[in-house]
Amino acid sequence: MDLVRVEAINATLEFPPQLHSSFDPVTFHFPSSRDHAWSRLIGGSRALSKSSRASSPTERLTAFKRACNSLQQIWRSNNAPSGEQSVAHARTYIERLNSILSDESRGPAPHPCVAYAASSQIFVTVTKLALSYYDEHVLRSATLFFNTLIDAEVDGVVDNRLFARALVDLVRRADKRSDETEGRLVELLFGIANNIRLQPAILPAWFVPRATPWGQDGESGASNGAEFAGATRKDEFPLFYLLVDYVHSDGRAGDFARTGLLYLIETASRSKNLEKWLIESDLATLMAIGLGALYSQLGGLTFAPTDESVPRIVELSDHAKEETALQPALGQAMDAFMSYLLFWQDTIDHCKSAEVNDTLLDHFQVLFLEQLLYPSLLESSDVAGGSTAAVMTYLCRILDSIDQGELVHRILHFLLASSPPTGEHMDMSASRRKSLNVLAALASEAAQPSPSLFNLRDLALLGLQSSNRQTVLATLRLLNVVLQRHHPFARALIHTVPSDLAQQRSVGAFNAELEQLLSLGTSLITEPTLDESYENYVADATWVLESRLCIPVSAVDEQKDTIPLPLPLQQDDPIVQGLLTCVENFFTNSVVVNLALTGVLMSLASSHLFSLDGWVLVDPTHYQFPSRGESDKLDGVQRSLQTPTWPESAVPTLTAALRRLVERVRQWQQDLPDFDVLVAARRELLHQGERPQTPTRSRQSPERPVPATGTSFPGSPDPSISASRGRSPHPVNLPGTASPSIRGDSSVRPAESRASSAGRATADALRQRLAMPFPSATISPPQGSETQHETADKANPEAQVPPRRWATS
């Protein structure tokens with residue numbers, strides 16, 4: 001520690017008034033001699049170790065004054081302290097102050113020691129010593145001392161401008177060697193922000209607007225006309241900028257900084273000066289630029305196996321080892337970005353000032369949405385893949401995480417190029433107008449493209465038409481998030497047609513519709529647990545519908561005179577056609593893509609904004625009931641139970657697509673005699689994890705019931721049967737194949753051995769069947785199937801269904 005550092009500390013910190021009379025600014029020495037000072041230090045240390053703990057308030061105050069005088073003497077006598085002995089003495093006396101203040105805080109008010117600390121301004125000396133020594137223990141003791149004074153809530157401390165200067169310098173210039181020390185220092189800032197939130201009257205000690213120098217009154221700093229929106233004003237509110245510096249940090253420091261900053265922004269609604277300063281300062285600019293910087297660090301998607309359990313239907317699929325079967329690893333960069341975005345959300349929620357909120361949202365739109373997020377969407381519009389999947393995955397994560405209505409509206413209103421919410425305040429303040437003018441200048445200089453030419457809906461359409469599975473998957477997930485969480489924008493993404501109030505559907509019509517849909521599934525398989533599965537699906541659907549009942553029918557994106565009734569889908573809407581095309585390609589899609597597609601269809605069907613007529617259910621106008629003569633005296637109940645019919649042209653589009661899939665399966669059943677056997681084996685493998693596992697079987701049951709056709713194949717396969725098409729990592733244990741433990745057991749009876757041998761023979765025959773190639777040309781598509789599937793199969797031979805060759809693992 002040299003004389004230059006001491007000079008810098010003295011130049012930036014004010015000494016207590018009682019020290020100015022004896023301080024020599026030329027030599028940086030006080031009149032007391034060095035030898036006399038060290039003798040007092042040694043004597044004071046010895047007296048401190050021998051003295052007993054003060055018990056009465058008078059004794060505590062006497063001991064506190066003695067420790068304060070000793071600390072001041074250390075600073076006077078050691079202008080260039082560097083020895084370990086001086087460090088130890090300083091740490092001892094600061095700890096002595098903390099101990100006395102801790103004892104005093106346990107007793108009732110008044111607290112004379114805290115009052116003396118405020119009047120003597122001992123905190124200035126503590127800050128000087130903490131900055132003079134590169135000692136973590138001294139810094140930690142000084143931090144505890146300031147924290148105790150803040151919590152004491154005594155006049156003359158947190159409302160003292162000199163205390164504010166000492167604390168700010170301590171946090172700004174301290175040597176932060178560890179995360180713990182950094183967290184303790186930022187906690188001091190949080191404590192002050194919390195006090196300002198609870199007592200806005202202390203704000204003038206920390207906030208001096210109009211660039212007023214420290215130590216002058218706020219009224220003396222007249223404006224020179226050089227103010228402009230977005231100006232950096234660290235000298236006016238250093239506490240604020242210190243919190244901004246740590247707002248990106250992890251751990252305790254980041255948590256304290258973000259919460260403290262929220263408290264200061266919340267206080268703006270009770271202080272016009274602070275509100276004006278926040279609008280004109282670079283708060284919104286810093287927050288928007290920081291968010292954009294974190295977004296710019298996001299790279300492409302990476303896919304690595306995780307510890308999370310993969311659904312068995314995905315694990316056993318043909319595409320289990322492809323990227324579409326794994327959740328993308330977004331990494332720490334995405335975590336940091338989402339943490340800061342959620343801080344944005346909290347800021348908008350906590351800020352009670354409408355003008356500060358509007359300023360933040362304007363900067364969010366111009367500096368982040370218009371100049372960064374939208375250009376990244378525009379540049380990634382590559383139908384062959386590229387970075388489209390990554391950008392849409394990031395956007396999906398953003399929309400899935402935030403709940404703040406104004407923030408969501410800004411994002412989706414801009415990206416969908418829909419009409420922004422009207423109602424700009426005509427009586428906005430001059431500061432707000434100044435901020436808008438500067439922001440408009442920034443926007444004009446950037447000259448970014450507008451979503452009116454290419455918006456999020458166009459990107460979603462390109463994603464559905466992409467040949468890259470990862471892009472299709474990301475698009476479906478994005479559509480699902482908008483349909484599930486952000487209902488007011490669903491119609492801007494999927495178009496509807498104006499319609500009158502739909503007719504009521506009778507019970508008989510409902511039963512007829514339900515019977516039609518159920519027949520599509522039951523015509524293919526006979527599942528013993530079909531009723532149980534149906535009950536589970538009904539329970540899930542009921543929960544989804546009940547959760548939608550609490551959603552208010554909002555007309556945010558509608559005209560005021562339009563009631564947002566459930567409207568029918570526009571059948572020729574390209575996105576609707578893209579979803580139906582994905583349904584047509586159901587057998588060539590990967591399992592994960594089909595799961596995402598099912599989620600979109602369920603969200604669309606359960607939405608209170610979209611009618612089911614025309615795509616899931618028959619339009620009631622096409623119902624044809626049996627003609628009734630005049631003598632027919634059916635009452636209302638009997639008429640409601642009548643089952644209607646409808647022409648083939650009135651079949652819903654989704655139902656028609658499902659019919660074509662069913663016809664294709666039936667064609668395969670005709671061309672492959674053992675098709676049901678192979679499907680049943682696959683189903684048994686899929687459900688083996690749901691059944692209790694028995695370690696060994698000591699006896700084979702002589703009579704075992706044979707399941708119905710389509711559920712299993714003759715011989716009742718073991719649950720571990722594998723009929724995968726060449727990519728399942730699991731061993732194939734076919735019917736009758738004994739496990740290693742059974743084959744090695746000498747107690748197995750001869751009858752069981754013969755049965756096991758017969759089973760192994762059957763298993764060998766089945767393996768030969770699975771490995772037998774067959775020409776795909778022999779399987780002709782059913783009539784009425786789309787020609788686009790044939791074109792897709794020719795373009796991608798590996799995607800033909802069924803595959804050219806069935807093989808075991």
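Residues numbered from 1 in each chain as written. Predicted model: local features only at pLDDT ≥ 70, side-chain atom pairs only at ≥ 80, totals over all residues. Heavy atoms only, no water.

## With respect to the packing of aromatic side chains
1) Next: Per the stated rule, a full pass over the model turns up 26 aromatic pairs.
2) Next: Between F190 and F256 the ring centres are 5.2 Å apart and the planes differ by 45°, which places this aromatic pair in the tilted class. Placement of the pair is F190 in helix α10 (residues 179-198) and F256 in helix α12 (residues 251-267), with a sequence separation of 66 residues.
3) Next: Owing to a relative accessible area of 19%, F190 belongs among the buried residues under this scheme.
4) Next: Within the aromatic cluster, the residues linked to one another by ring pairs are F123, F145, F146, F163 and W206.
5) Next: The ring of Y263 carries R197 above its face, with NZ or CZ at 4.1 Å from the centroid. (Phe/Tyr/Trp six-rings, centres within 6.5 Å; stacked < 30°, edge-to-face > 60°. Helix = DSSP H or I, 4+ residues; strand = E, 2+ residues; numbered from the N terminus. Buried < 20%, exposed > 50% of the residue type's maximum accessible area, 1.4 Å probe, protein only. Lys NZ or Arg CZ within 6 Å of the ring centre and 35° of its normal.)

## A few points about the confidence of the model for the protein
1) Next: Across the protein, the average pLDDT comes to 74, with 65% of residues at or above 70.
2) Next: When mean pLDDT is taken per element in the protein, helix α26 (residues 574-584) scores highest with 94 and helix α31 (residues 740-743) scores lowest with 37.
3) Next: In this model, residues 1-9 is a region of pLDDT below 50 whose contacts with residues beyond four sequence positions or in other chains number 18 contacts.
4) Next: In this model, residues 696-749 is a region of pLDDT below 50 whose contacts with residues beyond four sequence positions or in other chains number 103 contacts. (pLDDT = per-residue confidence, 0-100. Contact = heavy atoms within 4.5 Å.)

## Remarks on unusual backbone geometry
1) Next: One non-glycine residue, Q121, adopts positive backbone phi at about 55°.
2) Next: Within the secondary structure layout, Q121 lies in the loop between α6 (112-120) and α7 (122-132).
3) Next: Even without being glycine, E153 reaches a positive phi, approximately 55°.
4) Next: As for its placement among the helices and strands, E153 is situated in the loop between α8 (136-152) and α9 (161-173).
5) Next: The exposure class of E153 is exposed, given its relative accessible area of 55%.

## Structural notes on the environment of L524
1) Next: Note that L524 resides in the loop between α24 (507-522) and α25 (530-549).
2) Next: The sequence separation of L524 and V662 amounts to 138 residues, and the corresponding C-alpha distance is 7.4 Å.
3) Next: Contacts of L524, omitting those with residues within four sequence positions, involve V662, V665, R666 and Q669.

## Comments concerning the side chain of H111
1) Next: Examined against the element boundaries, H111 turns out to sit in the loop between α5 (84-105) and α6.
2) Next: What makes H111 buried here is its relative accessible area of 19%.
3) Next: For H111, the side chain forms a polar contact with the main-chain oxygen of E104, separated by 3.5 Å.
4) Next: Dropping the residues within four chain positions of it, H111 is found in contact with E104 and S105. (Polar contact = N/O pair within 3.5 Å; in protein donor to acceptor, adjacent residues only side chain to side chain.)

## Concerning the packing of helix α21 (residues 456-464) against helix α22 (residues 469-485)
1) Next: Interaxial distance between α21 and α22 falls to 8 Å at its minimum, and their mutual angle equals 135°. Looking at the two axes, α21 sits oblique to α22. Of the two elements, α21 crosses α22, and the hand of that crossing is left-handed. Residues L456, A460, G463 and L464 of α21 touch α22, and the partners they reach there are T471, V472, T475, L476, L478 and L479. (Axes fitted to C-alpha atoms, helices over the stretch in contact; angles between N-to-C directions. Parallel < 35°, antiparallel > 145°, perpendicular 65-115°, else oblique. Left-handed = near helix turned anticlockwise from the far one by under 90°.)

## Here we look at the nonpolar core
1) Next: In this structure, F146, F163, L167, W206, F237, F240 and F337 are the most contacted members of the largest nonpolar core, which totals 167 residues.
2) Next: Not counting the four nearest positions on each side in its chain, F163 is found in contact with F123, F146, L149, I150, V157, V158, I192 and W206.
3) Next: The next biggest cluster of nonpolar side chains, apart from the first, holds seven residues, and it includes A509, A512, A650 and V651. (Core = buried A, V, L, I, M, F, W, Y, C linked by side-chain atoms within 4.5 Å.)

## So, helix α30 (residues 675-686)
1) Next: Taking 1.5 Å per residue as the helical rise, α30 with its twelve residues ought to reach 16 Å, and the 17 Å between its terminal C-alpha atoms agrees with that figure.
2) Next: Where α30 is concerned, the buried positions are F675, L678, A680, A681, R683, E684 and L685. (Expected span 1.5 Å × (residues − 1).)

## Some words on the pattern of salt bridges
1) Next: What the rule picks out here adds up to 16 salt bridges.
2) Next: In this structure, the salt-bridge partner of D255 is R258, at a minimum N-O distance of 3.0 Å. In this pair, D255 and R258 both sit in helix α12, three residues apart, roughly one turn of the helix.
3) Next: We classify D255 as partly exposed; its relative accessible area is 45%.
4) Next: Take R258: its relative accessible area is 14%, and that puts it in the buried class.
5) Next: Note that E584 and R660 form a salt bridge whose closest N and O atoms lie 2.3 Å from each other. A residue pair is termed long-range when its members are at least 10 positions apart, and E584 in helix α26 and R660 in helix α29 (residues 653-671) qualify at 76 residues.
6) Next: Judged by relative accessible area, R660 falls into the partly exposed class, the value being 22%.
7) Next: Linked through salt bridges whose partners overlap, the residues forming this network are D400, D403 and R485. (Salt bridge = Lys/Arg side-chain N within 4 Å of Asp/Glu carboxyl O.)

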